[in-house]
Amino acid sequence: MEEMKAWRHAFKVDPGRPFSEQWLAEICESGTDVVIVGGTEGTTVDNVTECLAAVRRFSVPCVLEVTELEALTPGFDAYLIPVVLNAHHPAFISGLHQQALKAHGQFLKTADVLGEGYCIMNRHSSAARRTDADAALDMDDIVAFSRFSESVLRMPIFYLEYSGTYGDIEVVKKVSQTLEHARLFYGGGIQTAEQAVDMAKWADTVVVGNALYENKEEALKTVNAVKETKRKTNKR
Ligand code: 1GP
């Protein structure tokens, strides 16, 4: 999945939330590099399949972030597998992944699979509650997680997940300067093009989710804003 290295901007569509065809068309035709289908609550095989079929009417790549074993559906361009590094609930570190391989090993063998070292930063998010994440992390904790993800687990992606809240630019900058090979994904609280640009200076890929539902016009503006922003680190 070499294409992943060229993703600067991603929209994350929650299969658990209703959508209209017109809304989805604007997202798919926005120029974003990829549509990620993924959500924490209410993800089912039916709504994942519905999302996939709807996005497939457009040429934009579509990947599934696997958060529910039952919703693992063939047909996506790639599968993002989050390993929640700061989860206290062990199933989100390795349990569900082992069960996924047990149940769908043959299919995943031939699919494009990308591991995400996931660090959940917003303790009030549903992802934090579900995984029982320890989000009380200082800068050194976060940097150590990024190094563990990249150097020990060899994850191709390190994901700073601020879901629902805008993150700390100093953290994003420091992690960006720490990672040597892994791509840095930033997601959380982006509502405006300006916020997206600030994160795009340090993150390789900027993910916009909630704004699509709350302020779609502003969300759409983040696409060009991110793609026109040069990263300040270029070693990856
Ligand atoms: C969520 O990182 C994404 O998984 C995006 O976050 O929904 O807050 O934009 P928001």
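Residues numbered from 1 in each chain as written. Predicted model: local features only at pLDDT ≥ 70, side-chain atom pairs only at ≥ 80, totals over all residues. Heavy atoms only, no water.

Where an unreviewed UniProt entry is consulted, the chain appears under the name Heptaprenylglyceryl phosphate synthase, with the organism given as Salicibibacter halophilus. Check the Cofactor (unreviewed entry) section of the UniProt entry for the chain; it says "Mg(2+)". The heading Sequence similarities (unreviewed entry) in the UniProt record of the chain holds the text "Belongs to the GGGP/HepGP synthase family. Group I subfamily." (UniProt positions renumbered as here; feature names shortened; annotations may be inferred.)

This part covers a nonpolar patch on the surface. Taken together, the side chains of Phe148, Val152 and Leu153 define a hydrophobic patch exposed on the protein surface, amounting to about 250 Å² of accessible area. The topology assignment puts leucine 153 in the loop between helix H5 (139-152) and strand S6 (157-161). (Patch = residues over 30% accessible without salt bridge, like charges linked within 9 Å, V, L, I, M, F, W, Y side chains within 5 Å. Areas by Shrake-Rupley, 256 points an atom, 1.4 Å probe, with all protein chains shown as cover. Salt bridge = Lys/Arg side-chain N within 4 Å of Asp/Glu carboxyl O. Helix = DSSP H or I, 4+ residues; strand = E, 2+ residues; numbered from the N terminus.)

Counting across every chain of the model gives nine aromatic pairs. Measuring from centroid to centroid gives 5.3 Å for tyrosine 79 and phenylalanine 107, while their planes differ by 90 degrees, and the two rings are edge-to-face. With tyrosine 79 in strand S4 (residues 78-84) and phenylalanine 107 in helix H3 (residues 95-110), this pair connects stretches of sequence that are 28 residues apart. Take phenylalanine 107: its relative accessible area is 22%, and that puts it in the partly exposed class. Considering the side-chain rings of tyrosine 118 and tyrosine 159, the 4.6 Å spacing of their centres and the 35 degrees angle between planes classify their relative orientation as tilted. (Phe/Tyr/Trp six-rings, centres within 6.5 Å; stacked < 30°, edge-to-face > 60°. Buried < 20%, exposed > 50% of the residue type's maximum accessible area, 1.4 Å probe, protein only.)

Let us look at a negative patch on the surface. Taken together, the side chains of Asp132, Asp134, Asp138, Asp140 and Asp141 make up a negatively charged region of the molecular surface. Its place among the elements puts aspartate 140 in helix H5. Under the relative-accessibility criterion, aspartate 140 is labelled exposed at 62%. (Lys, Arg positive; Asp, Glu negative; His and termini not counted. Charge placed at Lys NZ, Arg CZ, Asp CG, Glu CD.)

Attention now moves to the site of the ligand. Around the ligand, a shell composed of Lys12, Tyr159, Glu161, Ser163, Gly164, Gly187, Gly188, Gly189, Val207, Val208, Gly209 and Asn210 is seen. A distance of 2.8 Å separates an oxygen atom of the ligand from a polar side-chain atom of lysine 12. Separating an oxygen atom of the ligand from a side-chain N or O atom of glutamate 161 is a distance of 2.5 Å. In the complex, 92% of the free accessible area of the ligand, which totals 300 Å², lies under the protein chains. When contributions to the shell around the ligand are tallied by element, the ones reaching two or more residues are S6 and strand S8 (205-208). Grouping the amino acids of the shell around the ligand by side-chain chemistry returns three nonpolar, seven polar and two charged. (Near = heavy atom within 4 Å. Polar contact = N/O pair within 3.5 Å; in protein donor to acceptor, adjacent residues only side chain to side chain. Nonpolar A, V, L, I, M, F, W, Y, C, P; charged D, E, K, R; others polar.)

This structure, assessed with the given rule, holds 13 salt bridges. Across the pair lysine 216 and glutamate 26 runs a salt bridge whose closest N-O atoms are separated by 3.0 Å. In this pair, lysine 216 is assigned in helix H9 (residues 216-227) and glutamate 26 in helix H1 (residues 21-28), connecting sequence segments 190 residues apart. By relative accessible area, which is 19% here, lysine 216 ends up buried.

Let's shift gears to the UniProt feature "binding site: sn-glycerol 1-phosphate" (unreviewed entry) in the chain. In the UniProt entry, the feature "binding site: sn-glycerol 1-phosphate" (unreviewed entry) is given for Lys12, Tyr159, Leu160, Glu161, Tyr162, Ser163, Gly164, Gly189, Gly209 and Asn210. Tracing the sequence through the fold places tyrosine 162 in the loop between S6 and helix H6 (169-178). Relative accessible area serves as the criterion here: at 7%, tyrosine 162 is assigned to the buried category. In this structure, tyrosine 162 is in contact with Met121, Asn122, Gly167, Asp168, Val171, Tyr186, Gly187 and Gly188, ignoring residues within four places of it in sequence. Structurally, glycine 189 can be placed in the loop between strand S7 (183-187) and helix H7 (193-200). Overall, the relative accessible area of 23% leaves glycine 189 in the partly exposed class. Filtering out sequence-adjacent residues up to four positions away, glycine 189 remains in contact with Gly164, Thr165, Tyr166 and Gln195. (Contact = heavy atoms within 4.5 Å.)

Residue placement: phenylalanine 185 occurs in strand S7. Taking the relative accessible area as the measure of exposure, phenylalanine 185 reaches 0% and is therefore buried. When the C-alpha atoms of phenylalanine 185 and lysine 227 are compared, they prove to be 14 Å apart, with 42 residues separating the residues in sequence. Those residues in contact with phenylalanine 185 that sit more than four places away from it in its chain are Met4, Trp7, Glu116, Ile157, Phe158, Tyr159, Leu160, Thr205 and Val207.

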